[in-house]
Amino acid sequence: MEEIEFTINGEYIELLGLLKVVGIAQTGGHAKMIVEDEDIIRNGELETRKRAKLIPGDVIEVGGEVRIVLK
């Protein structure tokens, strides 16, 4: 599994924004499809909220292939 470390500027980043900024989704529409397909695991639990506010310490897994550690 590929692991990416991402540092948040500010208090949080929304899930859709994270998927775009790390290059997993090419567009906002693509990011929405990834979330709607239930491919996002946040801290071990399914995340279905497109605008979920992710904070430092969260671990996001995308499709079982990519792990993003937020700092």
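This write-up is about the structure you can find in this document. Owing to the predicted nature of the structure, the values given are computational and were not obtained by experimental measurement.

1. Details of the pairing of strand β6 (residues 59-62)
1) Next: Every second residue of β6 is oriented toward a common face, the buried set being Ile60 and Val62 and the non-buried set Val59 and Glu61.
2) Next: As judged from the three bridges shared by strand β3 (residues 40-42) and β6, these two strands associate in the antiparallel manner. Of the residues in β6, the one forming a bridge with Ile40 is Val62.
3) Next: Inspection of the sheet shows β6 paired to strand β7 (residues 66-70) by four bridges, in the antiparallel sense. Residue pairing for β7: Ile60 is matched across the bridge by Ile68.
4) Next: Where β6 folds back on β7, the antiparallel hairpin that results is connected by three residues, among which Gly63 adopts a positive phi of roughly 60 degrees.

Thresholds, definitions, all that
Residues numbered from 1 in each chain as written. Predicted model: local features only at pLDDT ≥ 70, side-chain atom pairs only at ≥ 80, totals over all residues. Heavy atoms only, no water. Buried < 20%, exposed > 50% of the residue type's maximum accessible area, 1.4 Å probe, protein only. Helix = DSSP H or I, 4+ residues; strand = E, 2+ residues; numbered from the N terminus. Pairing = 2+ DSSP bridges.

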